[in-house]
Amino acid sequence: MNELFQTERVTYLKDKMLSEPRYASIEQALIITESYRKNEDKPRIIQRALALKASLENIGISAEPEELIVGNRTAGVRYGVVFPESGSTWVDREFETLPTRPQDKFNVHPEDIDTFRKIIKPYWEGKSLEDVLNKRYGKEIDEIAKVVKINQKDHAQGHICPNCTEWLRLGPAGLEEQARKKLQTCGKDQSDFYESVILVMEGVKKFMVRYYDFIMSMAETEKNEDKRKSMVQVAENCRKLSSHPAETFHEAVQSVWFLFVVLQMESNASSFSPGRLDRHLIPYYEKDIKDGKLTKQDALEIIECMWLKFNEIVYMRNSHGAKYFAGFPIGFNIAVGGQDEEGNDYSNDLSFLFLQAQKHLGLPQPNLSVRLHEGTGDELLHEAVRVVAKGSGMPQFFNDKAVIPSIMELGIEEKDAMDYAVVGCVELTTQGNNLGWSDSAMFNLNKALEVAMTGGTCLLTGEKIAPDFGNLETYETFEQLEAAFQKQIDYFMDKMILACEEVEKAHIDLLPSPFLSASIDECMEKGMDVTAGGAKYNLSGIQMIQVANLADSLAAVKKLVYDEKKVSRKELLDALKNDFEGYEILRTMMLYKVPKYGNDVDWVDAMGTKWADYFKNRLRTFTNYRGGPYHTGMYTVSAHVPMGENVGATPDGRHALEPLADGGMSPVYGRDVTGPTAVLKSVSKLDKTLTTNGGLLNMKFLPEFFQNETGIKKFGSFLRSFVDLEIPHIQFNVVRKEDLIAAKEHPEQYRGLTVRVAGYTAYFTELADELQNEIIARTSYGDI
């Protein structure tokens, strides 16, 4: 692969994309609103289908003459879409501040604000998902918000991997034909579903033909013959795909991209992921290579053009959500490597070409993942490490040895588990048959411990937010404290489950998704929308935030307060209430006189694993609204910053409002003082079934470590230890602290600097100040 290069075409398109200003767009919102006005008497799933069809047929489109892969949900690049079906009240509240808010800014056309308030807002007041949920259950959700963040309240549920191979095999015309046949024999309660699929596929076909017409009109005036021929080929691909399945590699890549553009237009959600794309596309690649129609260089250029398209779609969240999901993590996750159905090592030319594309471009999307197992070959492993060394934060690594058996415990069939993929950041999924609802909620274990210590009172506000089961002064033993902590977990978990059910009900009522359903196994057979339980697997995932701080806090209380009695219970409680002001010596003891998680100290690590196990086991006793199991994850996205802002001072010596540990399984930054191998040993004590919804271990290494092949091979051995220890996930930032500080001070000089935040990569200069500071503070390793 060393002879392959990034073409001038790709360089030009990348520079042009990065220079484009980012705006909020109301165009699709206007189309959706007009469609609903015309179809108010129809069932909701038909209204949704007609709104998507109208958008596909009328939304503004554009294409660059140099592009080999075309399509976007707006004519502008990296535009944030106002999507009234799911939420418009927050847009009304925040429209003017979008250009100036701390995180994920968008420019705004003033006339759009006026149009939004005159046409879109009045129609959708009280009708959007956001408003309906707020009316049905908003008070109850707000009451637990300090401990539990309920997600998907103002946007559709993404976090799903469609059946890409079936899409490639059939295309929109084939799926439409399938739905028409089903409609002829289905029951009355299924007819609306099949009619909705037919409607959206009609729209998709028209959408593809519109790109043919648009590009051909550009080609008519193109004087450069080579460029004109390229444009005609791209146009012909679009026209063919509107009526026939893909046959060539170029067509297949274009087809996959159209699939994800339309999914975004239907739902405006994060984390629709292609899955194991090196498997989906390999038949087309191998056939074209064999027939002499394609070279590796040709294929790489097509792939890199698709990589650029993944970066042209961003997701606009409200200001609160942007804190938790900072840096536009749209979550197009692509997994390479791993095993086949027989357990044999799997990789191919495309696995390496995808790595090469990331090495060349270094962009935040797609979120590239490598599946490792005991039989992974050195060639793929070392090439992946060379890409890590480039500093883009990718690829991240997943461990088949940990993942496959753990997800089978959820009832996943072995053949599906062997073929697992990743959605979004680190969320585990089967391919094409699973609505995993992997971001249902985040549970702040440290806030639950806080109210256990204070008798239900918030340290930050003095407000009573939880039951009073006692406080630090009344607990004569550490076991009594633990008993109260358990009761607080139970109390908030019960309320969380009720809230999650209400969110799912609202999605079923308001956001059925016929296009997505057509690309998920069993929905077409059942005539049932995916939101209503049409998929083969129906899971719901909850994140535990944050086991490292929890372990450190419990260890400090046990050792210094109860075992050694060096700190009185009253003194510690007073110190926490005062954020350690006047208690500096006590804080120093908490920080430095007790071992910390991440240093392979068994009894400290056990403080976290005990409660993670309890949380998982109790959660597994519940069933979600679609009849599937709840399960747990340990990743934060960027929630460790705002969730830390919800927590007062903690017994581990952390000040009030400071971030919690990053990642999900990672130690608190600066406390892992015995090296990266000790971190792996500590993390390995967390049972792999704790992270069936995804786990995240974040580590930072200095670039000097990777300067020669000796370092590359040594790092490969480190990753093989990661596999042996059955840790599910690991990812790396390869960057100097000094470079991050310079980028913060001179952002205009570091526009292209990307870093790993928590399960995803983002442009460092686009992150809010608090998150930048937290990333700078993370521990760096110079050796293993």
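The structure reproduced in this document is the subject of the present report. (Residues numbered from 1 in each chain as written. Predicted model: local features only at pLDDT ≥ 70, side-chain atom pairs only at ≥ 80, totals over all residues. Heavy atoms only, no water.)

Structural notes on the overall build of the protein chain
The secondary structure content of the protein chain amounts to 31 helices and 18 strands. The globule rule puts the C-alpha radius of gyration for 784 residues at 28 Å, and the 26 Å found for the protein chain is close to it. In terms of principal-axis extent, the alpha carbons of the protein chain reach across some 80 × 65 × 50 Å. For the protein chain, with 784 residues in total, the buried portion stands at 65%. Sequence separation of at least 24 residues holds for 79% of the intrachain contacts in the protein chain that already meet a minimum separation of 6. Looking at the protein chain as shown, the accessible area adds up to about 26,300 Å², and 48% of this sits on carbon and sulfur atoms. One finds the centroid of the 91 positive side-chain charges in the protein chain at a distance of 1 Å from the centroid of its 116 negative side-chain charges. (Helix = DSSP H or I, 4+ residues; strand = E, 2+ residues; numbered from the N terminus. Rg over C-alpha atoms; globule rule 2.2 N^0.38 Å. Buried < 20%, exposed > 50% of the residue type's maximum accessible area, 1.4 Å probe, protein only. Contact = heavy atoms within 4.5 Å. Areas by Shrake-Rupley, 256 points an atom, 1.4 Å probe, with all protein chains shown as cover. Lys, Arg positive; Asp, Glu negative; His and termini not counted. Charge placed at Lys NZ, Arg CZ, Asp CG, Glu CD.)

Structural notes on the pairing of strand β5 (residues 367–372)
Most of β5 sits out of view: six of its six residues are buried. Every second residue of β5 is oriented toward a common face, with N367, S369 and R371 on one face and L368, V370 and L372 on the other, all of them buried. Note that strand β4 (residues 333–337) and β5 share five bridges and pair parallel. The residue bridging I334 from the neighbouring strand is L368, located in β5. (Pairing = 2+ DSSP bridges.)

What to know about unusual backbone geometry
Residues apart from glycine generally show negative phi values, whereas peptide bonds are mostly found in trans. The residue after Q365, namely P366, is reached through a cis peptide bond having omega -5°. Examined against the element boundaries, P366 turns out to sit in the loop between α15 (349–361) and β5. The phi dihedral of D104 falls on the positive side, at around 55°, and the residue is not glycine. Within the element layout of this structure, D104 appears in the loop between α4 (89–94) and α5 (110–124).

As for the environment of V388
Counting through the fold element by element, V388 comes out in helix α16 (residues 378–388). Residues V388 and E450, 62 residues apart in the sequence, show an inter-C-alpha distance of 38 Å. Among residues more than four places away in sequence, those in contact with V388 are M394, P395, F397, F732 and V734.

Focus on the state of the cysteines
Under the criterion given, the structure shown has zero disulfides. Of all cysteine sulfurs, the one in C164 lies closest to C161, which takes part in no disulfide; the gap is 5.7 Å. On the basis of relative accessible area, C161 is assigned to the buried category, the value being 0%. A disulfide-free cysteine, C523 has its sulfur positioned 14 Å from the sulfur of C161, the nearest such atom. (Disulfide = S-S within 2.5 Å.)

Description of the packing of helix α8 (residues 188–219) against helix α9 (residues 225–241)
The contact between α8 and α9 brings their axes to 7 Å, and the two run at 165°. Considering the angle they form, α8 stands roughly antiparallel to α9. The interaxial crossing formed by α8 with α9 has left-handed handedness. Note on element contacts: α9 touches α8 through R228, M231, V232, V234, A235, E236, C238, R239 and L241, opposite M208, Y211, Y212, I215, M216, M218 and A219. (Axes fitted to C-alpha atoms, helices over the stretch in contact; angles between N-to-C directions. Parallel < 35°, antiparallel > 145°, perpendicular 65-115°, else oblique. Left-handed = near helix turned anticlockwise from the far one by under 90°.)

Observations regarding helix α6 (residues 129–143)
Taking 1.5 Å as the rise per residue, α6 with 15 residues should run 21 Å; its terminal C-alpha atoms sit 19 Å apart, in good agreement. A bend of about 80° at Y137 is the largest found in α6. Of the residues making up α6, those classed as buried are L129, E130, D131, V132, L133, Y137, G138 and I141. Considering only its buried residues, α6 is in contact with α4, α5, β3 (148–150) and α20 (478–510). (Expected span 1.5 Å × (residues − 1). Bend = angle between axes of the 7 residues up to and from the residue.)

Some thoughts on the environment of Y346
Note on placement: Y346 falls in the loop between β4 and α15. Y346 gets classed as buried once you look at its relative accessible area, which sits at 15%. It is 9.4 Å that separates the C-alpha atoms of Y346 and R371, two residues lying 25 residues apart in sequence. Apart from residues no more than four positions distant in its own chain, Y346 is found in contact with R276, D278, R279, I282, G337, G338, Q339 and D340. Of note is the side chain of Y346, whose polar atom sits 2.8 Å from the side chain of N348. (Polar contact = N/O pair within 3.5 Å; in protein donor to acceptor, adjacent residues only side chain to side chain.)

Brief notes about the packing of helix α7 (residues 164–185) against helix α10 (residues 249–267)
Between α7 and α10, the shortest axis-to-axis distance is 10 Å and the interhelical angle comes to 110°. In terms of axis orientation, α7 runs roughly perpendicular to α10. With respect to the hand of their crossing, α7 and α10 are arranged in right-handed fashion. The residues of α10 that touch α7, namely those facing C164, W167 and L168, are A252, S255, V256, L259 and F260. In terms of residue class, the contact of α7 with α10 is built from seven nonpolar, one polar and no charged. (Nonpolar A, V, L, I, M, F, W, Y, C, P; charged D, E, K, R; others polar.)

Looking at the side chain of T248
With respect to the helices, strands and loops of the structure, T248 is situated in the loop between α9 and α10. Beyond its immediate stretch of four places on either side in the chain, T248 contacts Y284 and D288.

So, the packing of aromatic side chains
Taken as a whole, this structure holds 34 aromatic pairs when the rule is applied. Ring centres 5.8 Å apart and planes at 70° place the aromatic pair F249 and Y285 in the edge-to-face group. Of this pair, F249 sits in helix α10 while Y285 sits in helix α12 (residues 282–290), placing them 36 residues apart in sequence. Taken as a pair, F249 and Y285 share a single burial class, namely buried. With 5.2 Å between their ring centres and 85° between their planes, W257 and F310 make a pair best called edge-to-face. Highlighted residues: W257 in helix α10 and F310 in helix α13 (residues 296–310), separated in sequence by 53 residues. In this pair, the class of W257 matches that of F310, namely buried. (Phe/Tyr/Trp six-rings, centres within 6.5 Å; stacked < 30°, edge-to-face > 60°.)

Quick notes on the pairing of β4
Counting buried positions along β4 yields five of five residues, so the element is predominantly enclosed. Remark: the β4/α15/β5 crossover connection has right-handed handedness. (Right-handed = clockwise from strand over helix to strand, strands pointing away.)

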